[in-house]
Amino acid sequence: MKRRFFLEKCMWSAGVLSASPFVTYGYNFLDDGSASNTSDLKLSLAQWSLHRQFQNGNLNAMDFASISNDTYGINAVEYVNGFYKDSGEDERFWANMKERADKAGVSSLLIMVDEEGDLGAAKEKERIKAVENHYKWVNAAKILGCHSIRVNAFGASDRDAFKSSMTDGLGRLADYAAKENINIVIENHGLYSSDAQLITEILKQVGTPNVGTLPDFGNWCLTAKWGSTKGDCDKAYDIYQGVTEFLPFAKGVSAKSYNFDNQGEHPSIDYYKMLKIVKDFGWDGHIGIEYEGDAPEHEGILLTKALIEKAWKSLD
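Residue numbers run consecutively from 1 along every chain, following the written order of its sequence. This being a predicted model, a pLDDT of at least 70 is required before a residue's local features are given, and a value of 80 or more before pairs of side-chain atoms are given or counted; all residues contribute to the totals for chains, interfaces and linings. Values reported for side chains reflect all heavy atoms of the structure, with hydrogen atoms and water molecules removed beforehand.

(A) Inspection of the overall build of the protein chain at higher detail. The secondary structure listing takes helices from DSSP runs of H or I that are at least 4 residues long and strands from runs of E that are at least 2 residues long, numbered from the N terminus. Tallying secondary structure elements over the protein chain gives eleven helices and ten strands in all. Throughout, exposure labels follow a simple rule: accessible area from a 1.4 Å probe, protein chains only, divided by the maximum for the residue type, with under 20% read as buried, over 50% as exposed, and the rest as partly exposed. Within the span of the protein chain, comprising 316 residues, buried residues form 54% of the whole. In what follows, a contact means two residues having at least one pair of non-hydrogen atoms within 4.5 Å. Taking all contacts inside the protein chain whose residues are at least 6 apart in sequence as the whole, residues at least 24 apart take part in 76%. Accessible surface, the protein chain: about 13,600 Å² in total, of which carbon and sulfur atoms supply 47%. What sets the accessible areas is the Shrake-Rupley method with a 1.4 Å probe; for residues, cover comes only from the shown protein chains.

(B) Looking closely at the layout of surface pockets. Cavities and pockets were defined on a 1 Å grid built from protein atoms only: a cavity is a group of points that admits a 1.4 Å probe but offers it no way out, a pocket is an open group of points flanked by protein on both sides within 12 Å along at least five of seven lines, and a lining residue is one with an atom within 4 Å of any such point. Grid points are joined across faces, edges and corners, and a volume is the space filled by probe spheres set on the points. The computed volume of the largest pocket comes to approximately 240 Å³. Lining the largest pocket are 13 residues, with Trp48, Asp114, His189, Trp226 and Glu292 sitting closest to its centre. Charged residues are taken to be Asp, Glu, Lys and Arg, nonpolar residues to be Ala, Val, Leu, Ile, Met, Phe, Trp, Tyr, Cys and Pro, and polar residues to be all remaining types, Gly included. Residues that form the lining of the largest pocket fall into these classes: four nonpolar, three polar and six charged.

(C) Inspection of helix H8 (residues 196-206) at higher detail. Turning to H8, its buried residues number three or more, namely Ala196, Leu198, Ile199, Thr200, Ile202, Leu203 and Val206. At its buried positions, H8 is contacted by helix H7 (159-178), strand E7 (183-187), strand E8 (211-214) and helix H9 (239-246). Downstream of H8 by a residue or two, Gly207 has a phi angle that is positive, lying close to 70 degrees.

(D) Expanded view of the packing of H9 against helix H10 (residues 271-281). Angles here are taken between N-to-C directions and fall from 0 to 180 degrees, while the axes themselves are lines fitted to C-alpha atoms, restricted in helices to the stretch in contact. At a closest axis distance of 10 Å, the pairing of H9 and H10 adopts a crossing angle of 15 degrees. It follows from the interaxial angle that H9 and H10 lie roughly parallel. Classified by chirality, the crossing of H10 by H9 is right-handed. On the side of H9, the interface is formed by Ile239, Tyr240, Val243 and Thr244, while H10 contributes Lys273, Met274, Ile277 and Val278. Classifying every residue of the contact of H9 with H10 gives six nonpolar, one polar and one charged. An angle counts as roughly parallel when it lies under 35 degrees, as roughly antiparallel when it exceeds 145, as roughly perpendicular when it falls between 65 and 115, and as oblique in every other case. Less than a right angle of anticlockwise turn of the near helix away from the far helix marks a crossing as left-handed, whereas a clockwise turn marks it as right-handed.

(E) Focus on the packing of aromatic side chains. Note on aromatic contacts: the rings of Phe and Tyr and the six-membered ring of Trp form a pair at centre separations within 6.5 Å, being stacked when their planes are under 30 degrees apart, edge-to-face when over 60 apart, and tilted otherwise. Following the criterion strictly, the structure yields 15 aromatic pairs and no others. A ring pair is formed by Tyr79 and Tyr84, whose centres lie 6.2 Å apart and whose planes are at 70 degrees; its orientation type is edge-to-face. The exposure class of Tyr84 is buried, given its relative accessible area of 3%. One aromatic cluster is present, formed by Trp48, Phe54, Phe64, Tyr79, Phe83, Tyr84, Phe93, Trp94 and Trp137 through successive ring pairs. Lysine and arginine charges are scored as sitting over a ring when NZ or CZ, respectively, is within 6 Å of the ring centre and within 35 degrees of the ring normal. Seen from the ring of Tyr240, Lys273 lies directly overhead, with NZ or CZ sitting 4.3 Å from the centre.

(F) Highlighting the side chain of Ser193. Mapped onto the fold, Ser193 is located in the loop between E7 and H8. Given a relative accessible area of 0%, Ser193 falls into the buried group. Throughout this description, a polar contact denotes any pair of N or O atoms lying within 3.5 Å of each other; where both atoms belong to protein, one of them has to be capable of donating a hydrogen while the other can accept it, and for residues adjacent in sequence the pair is counted only when both atoms sit in side chains. At 2.7 Å, the side chain of Ser193 and the backbone nitrogen of His189 are in polar contact. Filtering out sequence-adjacent residues up to four positions away, Ser193 remains in contact with Ala153, Phe154, Glu187, Asn188, Ile199 and Phe246.

(G) The arrangement of the state of the cysteines in detail. Disulfides are defined as cysteine sulfur pairs within 2.5 Å. In the structure shown here, the tally under the stated rule is one disulfide. Paired through a disulfide, Cys221 and Cys233 show a sulfur-sulfur distance of 2.1 Å. Judged by the torsion about the S-S bond (90 degrees), the Cys221/Cys233 disulfide is right-handed. Here Cys221 is found in the loop between E8 and H9, whereas its partner Cys233 is found in the loop between E8 and H9, with twelve residues between them in sequence. Under the relative-accessibility criterion, Cys221 is labelled buried at 3%.

(H) Region of interest: the sheet that holds strand E6 (residues 148-151). Any two strands are treated as partners once DSSP identifies two or more bridges connecting them. The sheet built from eight strands is open, its strands ordered E8-E7-E6-E5-E4-E3-E10-E9 with parallel pairing. Bordering the open sheet on either side are E8 and strand E9 (253-257), each of which pairs with just one other strand. Averaged over all neighbouring strand pairs, the angle between strand axes comes to 30 degrees, with direction disregarded. When E9 meets strand E10 (residues 286-291), the two strands line up parallel, connected through five bridges. Bridge assignment links Ala255 to a residue of E10, and that residue is Ile289.

(I) A look at the environment of Val80. Structurally, Val80 is set in strand E4 (residues 76-80). For the pair Val80 and Ile111, spaced 31 residues apart in sequence, the C-alpha to C-alpha distance is 5.6 Å. Residues within four places of Val80 in sequence aside, it is in contact with Gln47, Trp48, Met112 and Asp114.

(J) Quick peek at unusual backbone geometry. Phi at Glu115 takes a positive value of approximately 60 degrees, unusual for a residue other than glycine. Judged by relative accessible area, which is 58%, Glu115 ranks as exposed. Positive phi, close to 60 degrees, is recorded for Asn181, a residue that is not glycine. Relative to the helices and strands, Asn181 resides in the loop between H7 and E7. The exposed category is assigned to Asn181, whose relative accessible area is 62%.

Right, dumping it as structure tokens:
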């Protein structure tokens, strides 16, 4: 089946997401129509991949689990707390979300937590407040059956002060989360959080097994908060080195994607090189699709999924 036909069959129809009539379920259908077994590859879908559709109301965030499985054939998901701000402390809401995911046959892996304060704030009062703000998301993750919440490593501007403060804040949150068997994972999101050497030093200082990383293929800009390496970053950590250094601490992997060329390849990130690093490391957890490009989100997710499957198969 030709790639163009595949994408056209799965594209948006009149601006509304329709269920994909062609789901690969662990197989990558190549241009010659052959199927390549990728049964050792476990994919998840990050909710941010559809953030525009959730934000404009085209999709309901409560339906995320069923959307992931029914439309994309992906039976594991990563939630974003921003779509559930008013429900963070509502245990009945999260129990209902767990029922929805179970009904859809979907595993809930983690909650990505943003805008709850800086765990590495220089002032102790601010730092403790940020730690406590994250408690509700630990509790929500526990109810959902997640293994982790993803946090941001932001805070003090001085490197040494940040290291000390982040070690303290992360350690406090990890102690709370350990009681619920939840991991606390840091994703590279710009500034010091994208300095892999620094972050791994902090993790070693905290020294508890429930702290780790969520290496993201894209966000390695050292000069901007939320800084991606899409192409407009002044100074970036080497993206392949960063993923390599984060992997020994990883509780998940985030396959960030931006824009694709006409052949379905990804010019700004060498997916073959990146996935070789992941596969050679022996990673056997999920790889999360997180599309953040300019094309329609539905198309971007399909392109990312197809490229991961193709690249993964090529490494056999």
